[in-house]
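Understanding the architecture of this molecule
Below, each chain spelled out in residue letters.
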Amino acid sequence: AEETEYFAQKRMKFAPLNFIWRENEVMLREATRAIADAQAELDDGIVKKFVAVRMKELDKIVNENCYKNKEYNYLQAKK
């Protein structure tokens, strides 16, 4: 099937818009990927922070309740 002159002209008229649309799609995918990566890093950082806070709380509880020398942390006192 051959393209008629009318449709060839329309295709050429809108070719720049198609290029811009494709470029915008690529930029949108890249931005979406970057946002997802940033969210994953943020989530990972939040989890690490709360793990550290919880470990500090546990050290404090163990020091207060289990060991005579309260200056030791859990690993030192375990030895």
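As a starting point, this report considers the structure included with it.

**Side note on the overall build of the protein chain**
Across its full length, the protein chain carries 2 helices and 0 strands. Per-residue burial over the protein chain gives 5% buried out of 79 residues. For the protein chain, the exposed surface amounts to about 7600 Å²; the carbon and sulfur share of it is 61%.

**Details of a nonpolar patch on the surface**
Together, Val47, Val51, Met55, Leu58 and Ile61 make up a nonpolar patch on the protein surface, roughly 420 Å² of accessible area in all. Locating isoleucine 61 in the fold gives a position in helix α1 (residues 5–66).

**As for the pattern of salt bridges**
All told, the structure shown has 2 salt bridges when counted by the stated rule. Put simply, lysine 48 and aspartate 44 hold a salt bridge, and the shortest N to O gap is 3.4 Å. Taken together, the positions of lysine 48 and aspartate 44, both in helix α1 and 4 residues apart, correspond to about one turn of that helix. The exposure class assigned to lysine 48 is exposed, which follows from its relative accessible area of 54%.

**Considerations on the packing of aromatic side chains**
Inspection of the entire model under this criterion finds 1 aromatic pair. Taking the centre distance of 5.2 Å and the plane angle of 80° together, the rings of tyrosine 6 and phenylalanine 7 count as edge-to-face. Phenylalanine 7 carries the same exposure label as tyrosine 6, and that label is exposed.

The rules we used
- Per chain, residues are indexed from 1 in the order of the written sequence.
- Selection of residues for local features in this predicted model requires a pLDDT of at least 70, selection of side-chain atom pairs for listing and counting requires 80 or more, and totals for whole chains, interfaces and linings are taken over all residues.
- To get the side-chain values, take all heavy atoms of the structure and skip hydrogens and water.
- Numbered from the N terminus, helices here are DSSP runs of H or I no shorter than four residues, and strands are runs of E no shorter than two.
- To sort residues, take the accessible area from a 1.4 Å probe on protein chains only and compare it with the maximum for the residue type: under 20% means buried, over 50% means exposed, and anything in between is partly exposed.
- To measure how exposed things are, a 1.4 Å probe is used in the Shrake-Rupley method; for residues, cover is taken only from the protein chains shown.
- Residues form patches when they are more than 30% accessible in relative terms and have no salt bridge. Like charges link within 9 Å. Nonpolar side chains (Val, Leu, Ile, Met, Phe, Trp, Tyr) link within 5 Å.
- Counted as salt bridges are all cases of a side-chain nitrogen of Lys or Arg within 4 Å of a carboxyl oxygen of Asp or Glu.
- Pairing of aromatic rings covers Phe, Tyr and Trp, the last counted by its six-membered ring, and requires centre-to-centre distances within 6.5 Å; plane angles under 30 degrees mean stacked, over 60 mean edge-to-face, and any other angle means tilted.

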